[in-house]
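# Close look at the chain arrangement
Here is what each chain is made of, one letter per residue.
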Amino acid sequence: MPILFWLRSPKTTRARYFDTSKGEKMKRTKNVLAMLLAIALVLCSCGGGNTADTGPIKIGVNYELSGAVASYGIDSVRGIQMAIDEINAAGGIKGRTVELVIYDNTSEPAEATSLAAKLMEQDNVVACLGPATSGSFKATIPSAQSNKVPVISASATADKEVTVDANGNVNEYVFRICFTDSFQGVTMANFSANTLNAQNAVIFMDSASDYAKGLAESYRATFEALGGNIVAEEAYVAGDTDFRAVLTKIKATNPEVMFIPGYYEEAGLIIAQAREQGIDIPILGADGFDSPTLADLAGKEALTDVFFSNHYSSLDESQSVQDFIAAFKAANNDVAPNAFEALGYDLGNFIADCVSRAATIDGEGVKNAIAETTNFVGVTGSFSIGADHNPVKAVVVIELNNGEQVGAQRVEVSQ
Amino acid sequence: MFLQQIVNGISLGSIYALMALGYTMVYGIIRLINFAHGDVFMLGAFIGFALSTRFSFSFFPALLMSMAACAAIGMGIERIAYRPLRESSRIAALITAIGVSLFIEYTMMYFVGARVRAYTPLLPSSIYTFRGVIFSFQQIVIIATTVALMLLLNFIVLKTKRGKAMRAVAADMDAAQLMGIDINKTISFTFLLGSALAGAAGVLVGIYYNSINPLMGSMLGMKAFIAAVFGGIGSIPGAMLGGLGIGIIETMVAGYANSMYRDAAVFLFLIIILIIKPTGLLGSSSGEKV
């Protein structure tokens, strides 16, 4: 009888932070259908209107504005819109205004595929922005490759099969401006070894998610390459609440840092129980920690000497970040921007920068301009686009003290 | 480190034991595995949470109110879902129990959402160290509450008239009825006791782990059910022993072997026990139990 209980594991309710990995099989069938639809659309719209050289420059926006991860999409688009509004107010690009063609992919990868095709073939956009999640972003890759129009995401962080396909070939028209999941592991390992001067680390990972596994793997490899020892590697399953047994064991290995790849639901409890067991070492995590609920679960006092990596921090003192925060607050009832809004804002400015540098204002020209980007200055950091179409970018490491963000530093690591 | 793991195991095991009592009493009396028990526990946690946040109840009033509310809910479930099926096949009642469980979980999810929330800090989180063993005030309260409730339950079952009636119905329902025992009342009373204990466990777990969500009862409920089977389903001392046993086994496996094998080890022990002693550790082989 217990088998019946397994059927409703609490895992089904958990949203992946940047990736809605839904049923792969279903997605594939839907993709095939969407591809057929896309082909039909090509046939119908052959010879569609040419882009006039004086009209507005059209940029497609294909985001999750409703459905499971609507908040990611809505926030990203708010940032993009803000950047484009600023550019248009300043006279546009080469005297032409920028027009966003915004569609809602309802958080469905299949819908993202058909909208990408529609944007490229009917709306004749020069580039497509989004979607926000890796699953949906991947679904737009075939359209980008066949229509020769670049697609760029600001938040698709999955390690595999995004900018580089399964065979290791770079997808020519696919780019992103955020770091990958595992790069955070590399950064935190460098932070442990170089900034915290730790020799012995433990990894306590969520064994149920690819995100956490990728982070743990890259952390281990990098930390060991830097001369450190992983003295213990333990795992939990999403939904667990009692970590005391493992923490008692971890304590006995006398580590200097503990890395917890996973999400805030469990990380908050692990931190609380670790502090209760007298484990006072620095605790590290990645962007899965980024939630106000972390402080509620762990308790403010326990959240001291806790560091996590993220795309952006409002504490960053650089002028461009503070200007962005001030402008954003002025336009949004004094609410500070979150990471998605900051990434969206960078994406809007980035595409405008690329279009202004493009030799010809069409998919091919913009693609070449994106690939050649060096030292773009954004609020989520300055970056160049690497040969693998990922940005070479510093990760922000945020320090928590008494539940509050007290410091943010950019950690530069070669990717 | 060993003593520390024992402390960890006993605190975890106390919660399993409180929950296992509910499974074992209901099974003992009507031969039904009440799958909704884990969800009554979840409701208990949420009721305690609501009372402490909305009406700023302190620990004891919140615990008692939550136990009372859960007792009422448990009796209600029995009255609405199980009593009409008492004469039908056992599988029908079992499927109904699963239905009730899913109904409660997803109704709660509709109202409160699926997200994890932090509990109200009803107890101070002070930490004590004794010969290198660290234990918190919360752990002491959990163990003390569990022991107190178990002693109370033992007293009710062994020394009161109601308890005698429960034992009689468990032994032979028809004979008990012929002796003038009100079967319905006795079964209701059993649900009342079991659900009140689940309500107490809900509040304790909420405070101890500082995290509640509408599906929290399913995994914990299953572990408690295993504890009941492990100790001998139908036997009250068996449930206590089973709960503590499962808690300590889990802790030891996670602490000395691999944390990934923790749940697998629990099931392995269960299988071994059932092979050696099919009725569980303290289960009696009388009648048609298990």
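Treat the numbers as computed from the prediction; the structure is a model and nothing was measured.

From N to C terminus, chain A includes 14 helices and 15 strands. Classification of the 415 residues of chain A by burial places 58% in the buried group. The long-range share in chain A, meaning contacts at least 24 apart out of those at least 6 apart in sequence, stands at 71%.

Residue and element names in this part refer to chain B. Relative orientation of the contacting elements helix α10 (residues 236-256) and helix α11 (residues 262-276) amounts to 135 degrees, with a least axis distance of 9 Å. Accordingly, the angle class assigned to the pair α10 and α11 is oblique. Here α10 runs over α11; the crossing is right-handed. The segment α10 lies against α11, with Ile-246, Ile-249, Glu-250, Val-253 and Ala-254 engaging Arg-262, Asp-263, Ala-265, Val-266 and Phe-269. Tallied by class, the residues present in the contact of α10 with α11 amount to seven nonpolar, no polar and three charged.

As a further point, take unusual backbone geometry. All names here are of chain A. Residue Gly-130 is joined to Pro-131 through a cis peptide bond whose omega torsion reads -5 degrees. Examined against the element boundaries, Pro-131 turns out to sit in the loop between β3 (128-129) and α5 (134-139). Residues other than glycine seldom take positive phi values, yet Lys-148 does so here, at roughly 55 degrees. Tracing the sequence through the fold places Lys-148 in the loop between α6 (141-147) and β4 (151-153). Backbone geometry places Asn-333, a non-glycine residue, at a positive phi of 50 degrees.

This brings us to the packing of helix α1 (residues 2-30) of chain B against helix α9 (residues 216-231) of chain B. Residue and element names in this part refer to chain B. Relative orientation of the contacting elements α1 and α9 amounts to 70 degrees, with a least axis distance of 8 Å. Here α9 runs roughly perpendicular to α1, going by the angle between their axes. Contact with α1, carried on its side by Ile-15, Tyr-16, Met-19, Ala-20, Tyr-23 and Thr-24, involves Leu-220, Gly-221, Met-222, Lys-223, Ala-224, Phe-225, Ala-227 and Ala-228 of α9 and no other residues of that element.

Residue and element names in this part refer to chain A. Across chain A, the average pLDDT comes to 85, with 87% of residues at or above 70. A low-confidence stretch, residues 1-22 (pLDDT under 50), is modelled with 53 contacts involving residues beyond four sequence positions or located in other chains. Scored below 50 in pLDDT, residues 44-51 makes five contacts in the model with residues more than four places away or belonging to other chains.

On to the pairing of strand β1 (residues 57-63) of chain A. Residues and elements named next belong to chain A. When you tally the buried positions in β1, you get six out of seven residues, the bulk of the element. Summarising the sheet, β1 and strand β2 (residues 98-104) pair through seven bridges and their orientation is parallel. Paired with Ile-57 across the two strands is Val-98, which belongs to β2. Following the chain from β1 across helix α3 (residues 70-89) to the adjacent parallel β2, one finds a crossover that is right-handed. Of the strand pairs in this sheet, β1 and β3 are connected by two bridges, and their pairing is parallel. Within β3, the position partnered with Gly-60 by the bridge is Cys-128.

Turning to the sheet that holds strand β10 (residues 306-310) of chain A, a few remarks are in order. Residues and elements named next belong to chain A. With mixed pairing, the seven strands of this open sheet are ordered in space as β7-β6-β8-β9-β10-β14-β15. Each having just a single partner strand, β7 (229-236) and β15 (404-411) make up the two edges of the open sheet. In this sheet, neighbouring strand axes are inclined to one another by 20 degrees on average, regardless of whether the strands run parallel or antiparallel. Examined bridge by bridge, strand β6 (residues 200-206) and β7 share seven bridges and lie parallel to one another. By the bridge assignment for β7, Ile-203 is matched with Glu-233. Where helix α10 (residues 264-276) meets the sheet, its contacts fall on β6, β7, β8 (257-259), β9 (283-285) and β10, and the angle it forms with β9 comes to roughly 170 degrees.

What follows concerns the state of the cysteines. All names here are of chain A. For the structure shown, the criterion picks out zero disulfides over all chains. Here Cys-128 stays free of any disulfide, with the sulfur of Cys-354 as its closest cysteine sulfur at 14 Å. Residue Cys-128 is classed as buried on the basis of its relative accessible area of 2%. Here Cys-178 is not disulfide-linked; the sulfur of Cys-354 is the nearest cysteine sulfur, at 15 Å.

What follows concerns the interface of chain B and chain A. If you look at the interface, chain B gives 40 residues, while chain A gives 31 residues. Carbon and sulfur atoms make up 65% of the surface buried where chain B meets chain A, a total of about 3000 Å² over both sides. Our count for the contact surface shared by chain B and chain A stands at one salt bridge. A salt bridge links Arg262(B) to Asp240(A), with the shortest nitrogen-to-oxygen separation between them at 3.3 Å. Linking chain B to chain A there are eleven residue pairs in polar contact (both at pLDDT 80 or more). Broken down by secondary-structure element, the contributors of at least two residues to the side of chain B that touches chain A are α1, α4 (90-112), β2 (133-136), α8 (183-209), α9, α10 and α11 of chain B. Ranked by residues supplied to the side of chain B that touches chain A, first place goes to α4(B) with seven residues.

Definitions and limits used
Residues numbered from 1 in each chain as written. Chains lettered and ligands numbered in written order. Predicted model: local features only at pLDDT ≥ 70, side-chain atom pairs only at ≥ 80, totals over all residues. Heavy atoms only, no water. Helix = DSSP H or I, 4+ residues; strand = E, 2+ residues; numbered from the N terminus. Buried < 20%, exposed > 50% of the residue type's maximum accessible area, 1.4 Å probe, protein only. Contact = heavy atoms within 4.5 Å. Axes fitted to C-alpha atoms, helices over the stretch in contact; angles between N-to-C directions. Parallel < 35°, antiparallel > 145°, perpendicular 65-115°, else oblique. Left-handed = near helix turned anticlockwise from the far one by under 90°. Nonpolar A, V, L, I, M, F, W, Y, C, P; charged D, E, K, R; others polar. pLDDT = per-residue confidence, 0-100. Pairing = 2+ DSSP bridges. Right-handed = clockwise from strand over helix to strand, strands pointing away. Disulfide = S-S within 2.5 Å. Buried area = accessible area lost by both parts, 1.4 Å probe. Salt bridge = Lys/Arg side-chain N within 4 Å of Asp/Glu carboxyl O. Polar contact = N/O pair within 3.5 Å; in protein donor to acceptor, adjacent residues only side chain to side chain.

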